[in-house]
Amino acid sequence: MTLSSCPPNTFWLSGQRHAEQDHFFRQTLEARGWQPGDKNDWQAAWVTGMPPKAAFQATSPQHKMNHIPGNAALTIKSRLHDSLNRMHKRILAQYGEDHSYTQRLAFFPRAYEMPRDYPALVEDAAANPHKGWILKPTNASKGQGVRVIKDPSEAPLAPNWLVQEYIGNPHTIRGHKYVLRLYLLIAGIEPVRIYLYRQGFAKLASAPWDPDDSDNVYSQLTNPDINALNEDAEVPVEFIDLDRYRQWLRKQGHDDAALFAQIHDLATLTALSGVDAMRARSRDAGADPLGCYELIGLDCLVDDQLKPWILECNLSPSLGICARPEHGGIVEEEVKASLVSDMISLTGLDRPDQAPRQFDAAALTAEHQRAGNFATLYPNAAIDYTPFAGLPSLADSRLTPERPLALRAHQVSELFDNDQMALYQHDSGRFIQLNDSAALIWLLLGEGQSVRAIVEQLQAMSDAPRQQIEQDLWATLETWHQYGLLAPADSTSPPKQRTGRRRLVSSQAMTLTFAGQQWRLNAPEGPVTDCLQAHFRPLLAGHGALDADRFLSLAVLESTNGYCLTDGVRILRSRLHLNEISSAIEHALLNHAAGENTCVIDLVLLNSGQQQLALLAPLKDTDCLASLSEVADRLGATLTHGARLESSATAALAPLNLPVADASFAVENHCQPIALLALMPEAAAAEKGPLTALSLLLPYAFQGQGSTLDEQTLSTLHTFCQQVPLHLSLRDPTSLEKACREVLAIAPTFPTTPAWKEMTPTGV
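Residues numbered from 1 in each chain as written. Predicted model: local features only at pLDDT ≥ 70, side-chain atom pairs only at ≥ 80, totals over all residues. Heavy atoms only, no water.

A. Representation of the packing of aromatic side chains. In total, this model carries 15 aromatic pairs according to the counting rule given. Measuring from centroid to centroid gives 5.7 Å for Tyr118 and Tyr563, while their planes differ by 80°, and the two rings are edge-to-face. Of this pair, Tyr118 sits in helix H6 (residues 118-127) while Tyr563 sits in strand S26 (residues 562-566), and the two are 445 residues apart along the sequence. Comparing Tyr118 with Tyr563, the two get one shared label, buried. Ring centres of Tyr245 and Phe260 lie 6.4 Å apart, and the angle between their planes is 65°; on these two criteria the pair is classed as edge-to-face. In this pair, Tyr245 sits in helix H9 (residues 242-251) while Phe260 sits in helix H10 (residues 256-273), placing the two residues 15 residues apart along the sequence. Across the pair, exposure class does not vary: Tyr245 and Phe260 are buried alike. An aromatic cluster of three or more residues is present, and its members are Tyr95, Tyr101, Tyr378, Tyr385 and Phe388. Directly above the ring of Phe260 sits Arg246, whose terminal nitrogen or CZ lies 4.3 Å from the centroid. Just above the ring of Tyr483 sits the side chain of Arg430; from NZ or CZ to the centre is 4.1 Å. (Phe/Tyr/Trp six-rings, centres within 6.5 Å; stacked < 30°, edge-to-face > 60°. Helix = DSSP H or I, 4+ residues; strand = E, 2+ residues; numbered from the N terminus. Buried < 20%, exposed > 50% of the residue type's maximum accessible area, 1.4 Å probe, protein only. Lys NZ or Arg CZ within 6 Å of the ring centre and 35° of its normal.)

What follows is the structure, encoded as structure tokens:
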């Protein structure tokens, strides 16, 4: 068969995508004689999103896929944070807080995955009230769901959300916040090769930066899909290519080379943090490491001190043209076209017949020669990333023979019994017994021997081929590294025997006096106890150790989905936000106060001298409570909430005296309010009789664990509605104050003869 009769190479386009996502890939390959194929016929696959497992199993040096299994370790926001955090903890444990290695990792904002990290988020926010926060879906694109939040304790207690520290001092261009879109290429993971494209973009927000306008997404966010919706902006989407950006920096007197040296470093460290996960998933998926590569859209924010911060890594970065031609669209098209063309050349995707079956130093040199505008990040002859990369693979070590790898024990005790040897790893509690070969390797490592020297000694003692010795040794080292037994032997710094910061949670006991009984309330120290002490201050009787037999008990606990409330036997409430804990405790107290022939009504009681009004107000409505507190202050009154209705002929209502947030408090014992005032969101024209009062009152009444009312209790509640007149008022302070003053003027003292009195509603 002659060369001209060979069938053309084919490419396969797939995934949920717009046509422009494939445009440059298709255009480049078709210009080189390639033709479209399908999922069963391809030498080059371009999939937007993740391909099926079967596609990975078809990869080889001659069949290349544009994704690497396990890339979620970088491209899902919560997993990116976990990957970087694991690297940080490992370096911190090995080198300490002040080492330059640890300081180099301070480039990603602290983040918390919901709902698992909610208590830690609350604690961090309380300790650092100056911090800003941004809420992000963990697996979304194009800025969907991203928003700045003022109170991180209100973050959703649901999976797939991340709350990230918000960098509140961004560097600006012409007064506009910007984020750098960079293109990171992981050309392979066996061995690891990492590149960064020299071109990219500064993506500008469409409205001027205003730190006090956190609700303005056009000022706070730079995503082009969001800013394209800003109809008030003269330039809704603007891209500035990196060449012009760097020229502008120099004109401003900044050192652009120093900035981009930091960016190259953080990009390398970010990619390395996901390598172990990608290697493990590639093995599980049956993917050929020489048949997979990954192009990532790296978003980097620069603050006003010209420090770069990694924000996120984007899977299948957009290759469509976002900006108008006059706002950078022409340059955007040129950059993305050359990016794809250079990527195809670098990966050797366009020459499958020349693909090496084993990637060695010669293959690396050839890859560098066709890298085009890609800058080599790793392996890097000028910078040693060994402490961050963890244990390199055998293929990695063969690319850098000039750097002999040396390892040392990490948090391990050695135990001997005659000729037997065992290891105990203190961080994990793992106990490992070693055979003779493994014990010899361990002892040689302990003597400071490099891995290369150990291979030489093992080869001198064995007839096995060197390649087999290397493979067996590396398999042993990989297992030990996976268990956390090994760390790089860095002679420049003594090892730090520490495991990094651990968040310790301690509880504090409080005593509440409620309805004639004392309750022991335990809660985590910090923001939770601060919140509870502020809210329940009128009911607190003291702190410290208590006799458990004399007290009823409640406890607030941290959980994997926020906070939960328990009575020591069962969980009463779960998935609680910080601002929901007080109301959950109050509900538990009220439930306990209810019982047979007794119901609890969670209404608000306004106490003014010898007069008392019963107010039906939604306690979860903060605006309504603010109106109540404002009116109570003007009237010189106090507020409590919760009352018990005893089943009797007189239908007596006994106050339970729970505090109302931010309102004056005084214990009251009045047994009958002069009127029932229902706060309505809008004007109502219903008949103001006892049945109307009953219908309004029922949602606030319950009889033990929130159960419905029995027949006798319902009858008592009806009797109460016949005795106490009903008024209606709007919830705004003006209408509410007018209604309260009119009712108090009509009935200046407690009625001695129960009677129903029809009155004209005020404020409605």
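B. Quick look at the environment of Ala637. Position of Ala637 among the secondary structure elements: in the loop between helix H21 (622-635) and strand S30 (638-646). Look at Ala637 and you get buried, because its relative accessible area is 4%. Residues Ala637 and Gln611, 26 residues apart in the sequence, show an inter-C-alpha distance of 9.6 Å. Setting aside residues no more than four positions away along its own chain, Ala637 makes contact with Leu606, Asn607, Ser608, Ala632 and Ser664. (Contact = heavy atoms within 4.5 Å.)

C. Up close: the pattern of salt bridges. Per the stated rule, a full pass over the model turns up 31 salt bridges. We note a salt bridge from Arg570 to Asp567, for which the minimum N-O separation is 2.9 Å. The exposure class assigned to Arg570 is partly exposed, which follows from its relative accessible area of 41%. Overlapping salt bridges bring together Asp82, Glu113, Arg116 and Asp117 as one network. (Salt bridge = Lys/Arg side-chain N within 4 Å of Asp/Glu carboxyl O.)

D. Looking closely at the confidence of the model for the chain. Confidence in the prediction for the chain averages 86 pLDDT; 91% of positions are at 70 or higher. Of all the helices and strands in the chain, strand S24 (residues 540-543) carries the lowest mean pLDDT, 64, while strand S11 (residues 192-197) carries the highest, 98. The model gives residues 748-764 a pLDDT under 50, and that stretch makes 45 contacts with residues more than four places away or in other chains. (pLDDT = per-residue confidence, 0-100.)

E. Expanded view of the side chain of Lys336. For Lys336, the position within the fold is in helix H12 (residues 329-346). A distance of 2.9 Å separates the side chain of Lys336 from the side chain of Glu332, its partner in a polar contact. Filtering out sequence-adjacent residues up to four positions away, Lys336 remains in contact with Phe24, Tyr183, Phe201, Ser318, Leu319, Gly320 and Ile321. (Polar contact = N/O pair within 3.5 Å; in protein donor to acceptor, adjacent residues only side chain to side chain.)

F. Looking closely at the sheet that holds strand S19 (residues 420-425). The strand order S18-S19-S20 describes an open sheet built from three strands, whose pairing is antiparallel. Each of the sheet's edge strands pairs with one partner strand only, and the pair in question is strand S18 (412-417) and strand S20 (430-434). Averaged over all pairs of adjacent strands, the angle between their axes in this sheet comes to 20°, without regard to strand direction. With five bridges connecting them, S19 and S20 associate as antiparallel partners. (Pairing = 2+ DSSP bridges. Axes fitted to C-alpha atoms, helices over the stretch in contact; angles between N-to-C directions.)

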